[in-house]
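The residues making up each chain are set out below.
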Amino acid sequence: MAAIVVTVLLSYAVSMALGLFLLYGSPQGVDAASRLVAELPLSVFMIANFSIPMGAHVGVFFLAIWVLYVVAFFLAWSDAPGLPASIREAVDESSMTRSNYLFVLPQVATMVLVAIVLLQSLQESAGVQTGGLSFENPVLGFLSVSYAPFVEELSFRITTIGLVDGLYFMWRTRRHSQYESTKSALRLLAMALWKPERAKELLGFRTIRDYGVRGISRLEWVTLFFTSGAFGAAHYLYGGGWEIGKISTAMLSGLALGYVYLRYGAYAPVLLHWFFNYYFGAFDLASQLKMPGADTLGTAIDLLSFGAGTIFAAGLVVTYLARVDLLRRRRPIVERAYVSDFPNVS
């Protein structure tokens, strides 16, 4: 499993390099890079949508997005425990909640991918279509889906789940002297937005790292399902080619995005979202631009992702069943004294 994780991570590096090459090294990319981005759309709290006037070239804007992804990968790499230490450790159910996020990301991403494809196939076999996005200019379409993880994670996870957590933490600690000042309260809120797990650890609350899913509070569960449902509905309501079947598949991915945000922090859902948008988008763009060998490379990436997701899911199931069997075997056997059914026998 560790070898598969490393292989998938190497394919991430190929995808990042491929995106740069397609935008700055292909005729279609160079042509698109010279255009202007008139405004920058943003969204917070799921419902507040606005735009900031920009006027930057597409090439500059894409490079800024690319650098932000590199920063997110660096934050994931440098977060404790480090990636090399996580690779050295065996993959099991307990270590997944304690491992470096770059070790966890390929596992979560590919398993969610397999689950989404299975759900989508089931829905479409019943006549519920998912649809898909289409763009007149594939390069600008790639730019759009590459930017989406930042604005959507800011809206549905960071400024919603994080804000609810932060306000709850402030309410729970209002009687503590160290949080009486406005400055300390705002610092706690900022910490909850950036890394809810760290704020919970500081306050002595249950954490996902130590308790698994039991470290998710009831309020967080409610917020997680609410934002995931809204995330699924938004894809359908905003149009763009998505049909009603997208609601359930986007909600499923929203649950995974919310979970990794609660466990690892703001950079985690951005990178998981990157996997579905930029990662596959780069290989798809290479195929649309008729890059030599792009179709073969894209097929290899699909096989790698689906194969890895299937293996990781199977490994997770086997590990769970083995643990259940081990606990059953360790359960003490209480010997009971024999009592006859006849009342006159003592």
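**Describing the overall build of the protein chain**
A tally of helices and strands in the protein chain yields 15 helices and 2 strands. In terms of overall dimensions, the protein chain has a C-alpha envelope of 100 × 55 × 45 Å along the principal axes. Looking at the protein chain as a whole, 44% of its 346 residues are labelled buried. Relative to all contacts within the protein chain whose residues are 6 or more apart in sequence, the contacts with residues 24 or more apart total 71%. Of the accessible surface of the protein chain, which amounts to about 18400 Å², a share of 65% is contributed by carbon and sulfur atoms. Averaging the positions of the 25 positive and the 23 negative side-chain charges in the protein chain gives two centres separated by 11 Å.

**Observations concerning the pairing of strand 1 (residues 36–44)**
Strand direction decides the pairing type here: strand 1 and strand 2 (residues 48–57), joined by 8 bridges, are antiparallel. Counterpart to Leu36 in the pairing with strand 2 is His57. Here strand 1 folds back onto strand 2, and the loop between the two strands holds 3 residues, one of which, Phe45, carries a positive phi near 55°.

**Brief notes about the nonpolar core**
One finds Tyr12, Tyr101, Leu105, Leu272, Trp274 and Tyr278 to be the most contacted residues of the largest nonpolar core, which totals 69 residues. Of the residues forming this core, the biggest block, 14 residues, is contributed by helix 14 (residues 267–288). Look past the residues within four positions of Tyr12 in its chain and what remains in contact with it is Phe73, Leu105, Pro106, Ala109, Trp274, Phe275 and Tyr279. By size, the runner-up hydrophobic cluster in this structure holds 8 residues, among which are Ile158, Tyr261, Leu262 and Ala266.

**Looking at the pattern of salt bridges**
Throughout the structure, instances matching the rule amount to 6 salt bridges. Across the pair Lys195 and Asp79 runs a salt bridge whose closest N-O atoms are separated by 2.4 Å. Of the two residues, Lys195 is situated in the loop between helix 9 (182–194) and helix 10 (196–203) and Asp79 in the loop between helix 3 (58–78) and helix 4 (83–88); the sequence distance between them amounts to 116 residues. Take Lys195: its relative accessible area is 9%, and that puts it in the buried class. Residues Arg157 and Glu153 are paired through a salt bridge, measuring 2.7 Å at the closest nitrogen-oxygen approach. Of this pair, Arg157 and Glu153 both sit in helix 7 (residues 138–158), 4 residues apart, which is roughly one turn of the helix. The exposure class assigned to Glu153 is buried, which follows from its relative accessible area of 0%. When salt bridges with common partners are traced through the structure, they connect Arg98, Arg209 and Asp210 into a single cluster.

**Brief notes about unusual backbone geometry**
Cis geometry is found at the peptide bond from Ala80 to Pro81, where omega equals -10°. Phi at Met46 is positive, roughly 70°, even though this residue is not glycine. Along the chain, Met46 turns up in the loop between strand 1 and strand 2.

**Some details on the side chain of Glu152**
Tracing the backbone shows Glu152 in helix 7. Of the polar contacts made by the side chain of Glu152, one reaches the side chain of His273; its length is 3.3 Å. Setting aside its immediate chain neighbours within four residues, Glu152 contacts Arg157, Phe231, His235 and His273.

**Notes on the environment of Met191**
Within the secondary structure, Met191 is located in helix 9. Classification of Met191 by relative accessible area gives partly exposed; the value is 24%. Between the alpha carbons of Met191 and Gly162 there is a distance of 8.9 Å; along the sequence they are 29 residues apart. Non-local contacts of Met191, meaning those with residues more than four positions away in its chain, are made with Pro196, Arg198, Ala199 and Leu202.

**Details of helix 3**
Taking 1.5 Å of rise per residue, the 21 residues of helix 3 would be expected to cover 30 Å, and the 30 Å separating its terminal C-alpha atoms lies within 8% of that figure. Within the span of helix 3, buried status applies to Val58, Gly59, Phe61, Phe62, Ile65, Trp66, Tyr69, Ala72, Phe73 and Ala76.

**Remarks on the side chain of Thr207**
Along the chain, Thr207 turns up in the loop between helix 10 and helix 11 (208–211). Within the structure, Thr207 has its side chain in polar contact with the side chain of Asp210 (distance 3.3 Å). Look past the residues within four positions of Thr207 in its chain and what remains in contact with it is Glu197, Lys200, Glu201, Gly212 and Gly215.

**Points about a nonpolar patch on the surface**
On the surface, Val128, Tyr236, Leu237, Tyr238 and Ile244 cluster together to form a nonpolar patch covering roughly 530 Å² of accessible area. Take Tyr236: it is sitting in helix 12 (residues 218–237). Using a relative accessible area of 34% as the deciding quantity, one classes Tyr236 as partly exposed.

**Considering the confidence of the model for the protein chain**
Low-pLDDT portions of the prediction should not be read for the details of their coordinates. For the protein chain, per-residue confidence averages 90 on the pLDDT scale, and residues scoring 70 or more make up 92% of the total. The low-confidence segment residues 335–346 (pLDDT under 50) makes 1 contact with residues lying over four places distant or belonging to another chain.

How each quantity is defined
- Residues numbered from 1 in each chain as written.
- Predicted model: local features only at pLDDT ≥ 70, side-chain atom pairs only at ≥ 80, totals over all residues.
- Heavy atoms only, no water.
- Helix = DSSP H or I, 4+ residues; strand = E, 2+ residues; numbered from the N terminus.
- Buried < 20%, exposed > 50% of the residue type's maximum accessible area, 1.4 Å probe, protein only.
- Contact = heavy atoms within 4.5 Å.
- Areas by Shrake-Rupley, 256 points an atom, 1.4 Å probe, with all protein chains shown as cover.
- Lys, Arg positive; Asp, Glu negative; His and termini not counted.
- Charge placed at Lys NZ, Arg CZ, Asp CG, Glu CD.
- Pairing = 2+ DSSP bridges.
- Core = buried A, V, L, I, M, F, W, Y, C linked by side-chain atoms within 4.5 Å.
- Salt bridge = Lys/Arg side-chain N within 4 Å of Asp/Glu carboxyl O.
- Polar contact = N/O pair within 3.5 Å; in protein donor to acceptor, adjacent residues only side chain to side chain.
- Expected span 1.5 Å × (residues − 1).
- Patch = residues over 30% accessible without salt bridge, like charges linked within 9 Å, V, L, I, M, F, W, Y side chains within 5 Å.
- pLDDT = per-residue confidence, 0-100.

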